[in-house]
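Observations on chain architecture
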Amino acid sequence: MKLLVCIIDNVYADEVELQLKKQGYRMTELASSGGFWRKGNTTFLFGVEENDIGQLQEALKSTCLDLEKRKQRKSKQAHRYTSFLLDVKDAAPFMTIGK
């Protein structure tokens, strides 16, 4: 199992969530207003099996490109999203214990 952390421009966020849910992907969305990368981004967390990584990356790419084609506007940025792939077995769980 892998964890794909995808930081995507807000322009694409709603469409990515809608289209990837239709395709059966489950995700957690973390909205923020700055700090990490910069304002105007949404972070998605995807749990994915190793053999499905390529499909997920292609789905992300095609969703962004399809949205641009429909709206007839090209991204001003070099990248539409940035992603990190983490191996779940390398993750260190942590707990906080309340009073």
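Since the model is a prediction, treat every value here as computed from it, not as a measurement.

Another point: the pairing of strand 3 (residues 41-48). Strand 3 sits mainly inside the fold: six of its eight residues count as buried. Where strand 1 (residues 2-9) and strand 3 come together, eight bridges link them in antiparallel fashion. Following the sheet pairing, L4 is matched in strand 3 by F46.

What follows concerns the state of the cysteines. A full pass over the atoms with the stated rule returns zero disulfides. Distance from the sulfur of C6, which forms no disulfide, to the nearest cysteine sulfur (C64) is 7.4 Å. Residue C6 is classed as buried on the basis of its relative accessible area, which comes to 0%. Under the relative-accessibility criterion, C64 is labelled buried at 1%.

In this section: the side chain of E15. Within the secondary structure, E15 sits in helix 1 (residues 10-22). Apart from residues lying up to four places away in sequence, E15 is in contact with T63, L67 and R70.

Mean pLDDT over the protein works out to 83, with 77% of the residues at or above the 70 mark. When the elements of the protein are averaged for pLDDT, strand 2 (residues 27-31) gives the smallest value, 86, and helix 1 the largest, 92.

With that settled, the discussion passes to the nonpolar core. With 18 residues, the main nonpolar core has I8, V16, L20, F44, F46, L56 and L60 as its most contacted residues. Those elements giving two or more residues to this core turn out to be strand 1, helix 1, strand 3 and helix 2 (53-71). No other element matches the six residues that helix 2 contributes to this core. Excluding anything up to four places from it in sequence, I8 contacts A13, V16, G40, N41, T42, F44, C64, R80 and Y81.

What counts and how
- Sequence positions are assigned chain by chain, starting from 1 and proceeding in written order.
- The model is predicted, so local features are restricted to residues of pLDDT at least 70 and side-chain atom pairs to those at 80 or more, both for listing and for counting; the totals for chains, interfaces and linings are taken over all residues.
- With hydrogens and water set aside, each side-chain value is computed from the structure's full complement of heavy atoms.
- Working definition: with a 1.4 Å probe on protein chains only, accessible area under 20% of the residue-type maximum means buried, over 50% means exposed, and in between means partly exposed.
- The helix count covers DSSP runs of H or I at least four residues long, the strand count covers runs of E at least two residues long, and both are numbered beginning at the N terminus.
- A strand pair is defined by DSSP finding two or more bridges across the two strands.
- Only a pair of cysteine sulfur atoms within 2.5 Å qualifies as a disulfide here.
- Any two residues whose heavy atoms approach within 4.5 Å are treated as being in contact.
- By definition, pLDDT measures how confident the predictor is in each residue, and it falls between 0 and 100.
- Nonpolar core, defined: a set of buried Ala, Val, Leu, Ile, Met, Phe, Trp, Tyr and Cys residues in which side-chain atoms within 4.5 Å join the residues together.

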